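Residue-level structural notes
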Amino acid sequence: MSTNILDHLPQLRPHSNIQLVNTVPAMFKSKIQQKGKHALELVEPTRIANAHWASTPYKGAQSLMQLDNRQAIRKVMTLQPGFGGNLTYQLNTSLLGGESYPVLTAILGTAAGMVSAGGGLLFAAFTTSITAAHKQQRVLARGGDEIWQVEEIGKVKDGSGYQAMHVNSYFLVDPYRRQVLEKGWIVHEDRTEILLN
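Quick look at the structure, then.

Description of the environment of L67
Secondary-structure assignment places L67 in the loop between β2 (53–57) and β3 (71–78). Expressed as a C-alpha distance, the spacing of L67 and E152, which sit 85 residues apart in the sequence, is 9.8 Å.

What follows is the structure in C-alpha cells.
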C-alpha cells in the first residue's frame, strides 16, 4: 500500500536551505497555536529513535491520495511596525544573520590576544563599530507585511528510490505590492521524512 501512495505523491522542489536563526519559527508556530490550531495541519511528529524524528499524516497514509491532504496554505499573521524586540524586529535581525558575528569575533579576539593592550583596545573599538553599523542595516520586513505558512507533502529522490517528505515553509508577503503568495519571499523551510506505514 505505501508504494502505491508514494507513486501517487508529486515530486517536491529542491530544498531551499533557507533557515531563520534564533527562535523566530517557534514564534510563528506559537501565533498559530494562539488561534487554537495545530502548528502543522498535515502531519504530526513521531519519534522513531532516541534523537530522530519523522512525521505521520494526521489523517493516515491513505488520505494522501487526495490533494487537500497534501497541501495546506494559511496566513499566520500580519507584522506590526518594528520596535525593539517585537517579532518584526526579530525577524529582520534573523534575516540579516543574527545580532553577532561569532566567527569574526573569535578570529579578532585571538589576534587581539597576541598583541599588546593597545591591540586589545583597537579590537574593542572595532567590534563596537561593527555592532553600531549592524543596527543601521535596511529593514527587510515592514509593518503590514504578512507571514504565510505553506505545507506540502510529496516525494524526494533518495538514492535509487524516493522518500515521502513533509515541507513546512514560511513566506514573507507584501500584500500591497504582491497579490499572489508565489511572489512572496521564502524566509524559512523545514523538512521531515514521512512514515507511510
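Some details on the pattern of salt bridges
For the structure shown, the criterion picks out six salt bridges. Among the salt bridges present, the one from R13 reaches E189, with a minimum N-O distance of 2.8 Å. Here E189 lies in strand β6 (residues 185–193) and R13 lies in the loop between α1 (2–8) and α2 (24–34), a separation of 176 residues in the sequence. Accessibility expressed as a relative area gives 0% for E189, which makes it buried. Within this structure, R13, E152, E189 and R191 form a network of salt bridges that share partners.

A short note on the sheet that holds β3
Taken in spatial order, the four strands make up an open sheet running β3-β4-β5-β6, and their pairing is antiparallel. With partners counted over all chains shown, the strands left at the sheet margins are β3 and β6, one partner each. Strand-to-strand twist in this sheet, taken as the mean axis angle between neighbours without regard to direction, amounts to 25°. Direction of pairing for β3 relative to strand β4 (residues 146–158): antiparallel, over a ladder of seven bridges. Paired with R74 across the bridge in β4 is Q149.

Concerning the side chain of T88
When you line up the elements, T88 lands in helix α3 (residues 87–95). A polar side-chain atom of T88 sits 2.5 Å from the main-chain carbonyl oxygen of Q80.

Things to note about the side chain of S55
Examined against the element boundaries, S55 turns out to sit in strand β2. Under the relative-accessibility criterion, S55 is labelled buried at 5%. The contacts of S55, once residues within four sequence positions are left out, are V43, E44, P45, T46, T192, E193, I194 and L195.

With respect to unusual backbone geometry
A positive phi angle, close to 60°, is found at N17, a residue other than glycine. Mapped onto the fold, N17 is located in the loop between α1 and α2. Overall, N17 belongs to the exposed group, its relative accessible area being 62%.

Some remarks on α3
Turning to α3, its buried residues are L87, T88, L91, N92, T93 and S94. Packed against the buried residues of α3 are α2, β3, β4 and β5 (161–173). Regarding α3, its N-cap is N86, as a side-chain oxygen of that residue lies 3.2 Å from the backbone nitrogen of T88 further along. Phi for G97, located one or two positions after α3, is positive at around 105°.

Rules of the game
- Residues numbered from 1 in each chain as written.
- Predicted model: local features only at pLDDT ≥ 70, side-chain atom pairs only at ≥ 80, totals over all residues.
- Heavy atoms only, no water.
- Helix = DSSP H or I, 4+ residues; strand = E, 2+ residues; numbered from the N terminus.
- Salt bridge = Lys/Arg side-chain N within 4 Å of Asp/Glu carboxyl O.
- Buried < 20%, exposed > 50% of the residue type's maximum accessible area, 1.4 Å probe, protein only.
- Pairing = 2+ DSSP bridges.
- Axes fitted to C-alpha atoms, helices over the stretch in contact; angles between N-to-C directions.
- Polar contact = N/O pair within 3.5 Å; in protein donor to acceptor, adjacent residues only side chain to side chain.
- Contact = heavy atoms within 4.5 Å.

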